[in-house]
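# Geometric and topological summary
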Amino acid sequence: MAKKVIAYNRIEEPVLQQLKKSYDVRFFKDIDPKTDDEFLAFLKEAEGIIGLGLPVDSELVQHAPNLKIVSNISVGYNNLDIPTLNKHHIMATNTPDVLNDTVADTIFGLLIATARRIPELDQLVKRAEWTVEALGSEYYGTDVHHKTLGIIGLGRIGQAIAKRAHFGFDMNILYHNRSRKKDAEQAVNATYCEMDTLLKQSDFVCLMTPLTPETEGLIGKREFTLMKESAIFINGSRGKTVVEQDLITALKNGDIKAAGLDVFEQEPIENDNPLLTMKQVVTTPHIGSSTKETELKMSKLAATNLEAGLNGEIPPNLINRELWQS
Ligand code: NAP
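Let us look at the structure shown here. (Residues numbered from 1 in each chain as written. Predicted model: local features only at pLDDT ≥ 70, side-chain atom pairs only at ≥ 80, totals over all residues. Heavy atoms only, no water.)

## Overview of the overall build of the chain
Where we set the bar: For the purposes of this entry, the term helix denotes a DSSP run of H or I that reaches at least four residues, the term strand denotes a run of E that reaches at least two, and both are numbered from the N terminus. The globule rule is 2.2 Å times the number of residues to the power 0.38, and the radius of gyration it is compared with is taken over C-alpha atoms. Only protein chains enter the area calculation, which uses a 1.4 Å probe; residues under 20% of their type maximum are buried, those over 50% are exposed, and those in between are partly exposed. It only takes one pair of heavy atoms within 4.5 Å for two residues to be counted as in contact. For every accessible area listed, the method is Shrake-Rupley and the probe measures 1.4 Å; residues are considered covered only by the protein chains on display. Charged residues are defined here as Lys and Arg on the positive side and Asp and Glu on the negative side; His and the ends of the chain fall outside this count. We put the charge of a Lys on NZ, of an Arg on CZ, of an Asp on CG and of a Glu on CD.
Within the chain one finds 13 helices and twelve strands. In terms of overall dimensions, the chain is globule-like: its C-alpha atoms have a radius of gyration of 22 Å, near the 20 Å expected for 326 residues. Referenced to the eigenvectors of the C-alpha coordinate spread, the extents of the chain come out at roughly 70 × 45 × 35 Å. Counting over 326 residues, the chain shows a buried share of 49%. For the chain, restricting intrachain contacts to residue pairs at least 6 apart in sequence, the fraction spanning at least 24 positions comes to 60%. Surface accessibility of the chain: about 16200 Å² in total, with carbon and sulfur atoms responsible for 49%. Across the chain, the 36 positively charged side chains and the 45 negatively charged ones have centroids separated by 3 Å.

And the structure:
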């Protein structure tokens, strides 16, 4: 009998069809995984899960006695309770690298759009409010080139952002990680510094860490106060790395100038979130990696991980690798 696999939330169609040739795959979307009877019944038999953002915690694992692998179609894996998966000897995989350039394009695009106020001015043109040839200084933007970009989380994606900033925009780059990355420093002429120094000196602060217990609420009131009043804050990591209420207050008080946000505390964002009515805030709906080409690469890589795990092999992107090496 074919092994049972749950496909969840988002997977590219050609990859789903390919998987269906070898496995008994059931696709679930827009369900509550805690209460959906059909999902829970299938989960009981499932050996694999592939998809985006399914919260896999001890409660879910209790319903999944046959589960061998959870293959995330994302590089971030804050939806997975890794200690629980370790306890039950379930593999966890993600899709790093194939999305670096695409996410960096999105985040750098957001940075430019925020600095040059592109969405706001696009709306002005479309509302037929461009009534004088030369708009006044109240519509001026902020330069990006030759400014200082501070990247918190200079990892795979952070480095791709830094490359664009250094080679394309002659920016000065500061970064903060828990550990120094000397090869990256050389590649893009980046300077390592403590977080507070980065916050005080950067014109643009870009957050690109994973969401972990350590990074949850990493940027809040204290950090916004340290930033320049002219600073533009960009979040491409996960919504919960920022205390959103503190961001709202910092924008209202003028502690910082503007923000470009691809991720939010609650997704989809609530209709009454004050961020949605702030002109100085540019939003995108968590679309960092969402291009046709890259989503297909991510789905394919996730399928490779899934198949390896189901065959009892070590998948190329095994997160809890230590478990299989011990
Ligand atoms: P990565 O290569 O692991 O890079 C993460 C970086 O964050 C590392 O340089 C790491 O350095 C640093 N970091 C981790 N914990 C930290 C802490 N407590 N304080 C300071 N720095 C810390 O990961 P990646 O592939 O670049 O992806 C990063 C994240 O981007 C993902 O986890 C995901 O949440 C997010 N993402 C968002 C989108 C989107 O659509 N917006 C798309 C893809 C990814 P150290 O280990 O030395 O601290």
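Now, onward.
## As for the site of the ligand
The test is simple: One heavy atom within 4 Å of a molecule or strand is enough for the residue carrying it to be called near that molecule or strand. Pairs of N or O atoms are called polar contacts if they sit within 3.5 Å, as long as, within protein, a hydrogen donor faces a hydrogen acceptor (for residues adjacent in sequence, only side-chain-to-side-chain pairs). Side-chain classes are defined by residue name, with Ala, Val, Leu, Ile, Met, Phe, Trp, Tyr, Cys and Pro counting as nonpolar, Asp, Glu, Lys and Arg as charged, and the others, Gly among them, as polar.
Of all residues adjacent to the ligand, which total 26 residues, the nearest are Arg156, Ile157, Arg178, Ser179 and Asp262. Between the ligand and the protein, one listed contact pairs an oxygen atom with a side-chain N or O atom of Ser179 at 2.5 Å. One of the backbone nitrogen or oxygen atoms of Gly236 is found 3.1 Å away from a nitrogen atom of the ligand. Burial of the ligand by the surrounding chains reaches 89%, relative to a free accessible area of 930 Å². Classifying every residue of the shell around the ligand by side-chain character gives eight nonpolar, twelve polar and six charged.

## Details of the packing of aromatic side chains
For clarity, the cut-off: To pair, rings of Phe, Tyr and Trp, with the six-membered ring standing in for Trp, must have centres within 6.5 Å; the planes then decide the type, stacked if under 30 degrees apart, edge-to-face if over 60, and tilted in the middle.
Tallying each qualifying case throughout the model produces six aromatic pairs. Where Phe28 meets Phe39, the ring centres are 5.2 Å apart and the plane angle is 90°; that geometry is what we call edge-to-face. Of this pair, Phe28 sits in strand 2 (residues 24-28) while Phe39 sits in helix 2 (residues 37-45); the two residues are eleven residues apart in sequence, bridging distant segments of the chain. On the accessibility criterion, Phe28 (4% relative accessible area) is buried.

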